[in-house]
Amino acid sequence: MSKPKIISILGPTATNKTSLAIKLANDLNGEIINADAFQIYKELNIGVNKPTFCQLAKAKFHLVGEISLFDEWDIKKFQDKTNKIIEEILKRKRLPIICGGSSLYVDALIQNYDLSMPKRSNKFENLSTDELYKELSKYSIEEARKNKNNHKRLARALEIYSTSNLDAPMKQKKNPKYEYKVILTNCVSREELYKKINNRVDQMIEHGWLNEVKQLLKIKNIELTNGFKAIGYKDIATAIKTKTAINTDKIKQNTRRYAKRQITWIKNHYDDFLLYDQNNYSNLLKQIKLWIK
């Protein structure tokens with residue numbers, strides 16, 4: 001029996017993944033499942049480039065703004081929740097389209113990682129917070145940043161990732177549940193990508209990112225939540241509290257570094273992917289239709 005087919009859109013930040021997902025959803029009778037680790041939160045909007053109301057009206061989206069910053073969300077919860085959503089989409093005879101920049105989340109889904117929780121052994125408890133951060137970053141820099149300065153969470157996350165063998169391709173996976181096609185969104189050149197990233201940070205500031213963070217800071221203990229560790233939020237919070245200018249250059253630099261890591265990760269994990277560069281949509285759509293048939 002053939003496996004259900006799903007599409008996965010991956011790529012660095014600022015390469016129009018959401019716009020592409022909407023086009024494909026409309027042309028292929030699909031529904032979009034968000035795979036961005038921060039767009040899941042209700043309270044975060046501008047700084048995580050959450051789909052706009054206009055975009056959300058153009059296609060059916062899942063896992064966008066569905067939980068609070070104070071709720072727990074991790075790779076295992078994403079895998080379990082998304083598998084259930086995919087079942088529902090397939091029952092409606094529609095195409096599941098996974099879209100987001102959290103590459104490890106997507107890979108855990110399509111490669112069917114075994115994420116069964118290991119028994120707590122506390123084997124990393126003796127490491128310092130900095131050592132835990134460094135070790136966890138080898139598996140997931142995003143997960144490390146989410147738990148930065150939280151020794152207990154870093155130790156537990158490292159225990160889960162290391163036990164699950166997420167860096168050992170032949171050990172980490174069970175039999176994949178789906179037949180999948182990966183689409184990599186990118187720009188023609190690295191210089192063009194970095195220019196888009198810089199411009200987008202400026203636009204986020206213009207569109208009210210500062211006010212968004214001001215409102216968040218009114219919520220008790222908001223800075224202790226994992227979601228608040230999304231790039232830029234702490235930098236803007238610091239500027240607000242110290243009454244200094246926002247260090248946009250730092251935010252841009254951190255975003256560019258993140259994009260570079262995203263590209264490297266994808267190319268190191270997938271040999272067979274379709275490339276989308278904003279100018280080849282018609283050809284891309286033809287290839288996907290042939291694959292679906």
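Refer to the structure presented above.
**A closer look at the packing of aromatic side chains**
Summed over the entire model, instances satisfying the criterion amount to four aromatic pairs. Centroid distance phenylalanine 78 to tyrosine 105: 5.3 Å. Interplanar angle 45°. Geometry classified as tilted. Pair noted here: phenylalanine 78 is in helix α3 (residues 75–91) and tyrosine 105 is in helix α4 (residues 103–110), with a separation of 27 residues, a long-range link. Judged by its relative accessible area of 1%, phenylalanine 78 is buried. Through pairs of rings, three or more aromatic residues link up here, namely Trp209, Phe228 and Tyr233.

**Notes on the layout of surface pockets**
Approximately 1000 Å³ is the volume found for the largest pocket. Among the secondary structure elements, those contributing two or more residues to the lining of the largest pocket are α1 (17–28), β2 (30–34), α6 (141–146), α9 (190–206) and α12 (248–269). The greatest single-element share of the lining of the largest pocket, amounting to six residues, is contributed by α9. When grouped by side-chain class, the residues that make up the lining of the largest pocket number 16 nonpolar, 19 polar and eight charged. By volume, the second largest pocket is sized at about 640 Å³.

Scoring rules and cut-offs
- Residues numbered from 1 in each chain as written.
- Predicted model: local features only at pLDDT ≥ 70, side-chain atom pairs only at ≥ 80, totals over all residues.
- Heavy atoms only, no water.
- Phe/Tyr/Trp six-rings, centres within 6.5 Å; stacked < 30°, edge-to-face > 60°.
- Helix = DSSP H or I, 4+ residues; strand = E, 2+ residues; numbered from the N terminus.
- Buried < 20%, exposed > 50% of the residue type's maximum accessible area, 1.4 Å probe, protein only.
- 1 Å grid on protein atoms, 1.4 Å probe; cavity = no way out; pocket = protein on both sides within 12 Å on 5 of 7 lines; lining within 4 Å.
- Points joined across faces, edges and corners; volume = space filled by probe spheres on them.
- Nonpolar A, V, L, I, M, F, W, Y, C, P; charged D, E, K, R; others polar.

So far we have only geometry, and geometry alone does not tell us how the molecule works.
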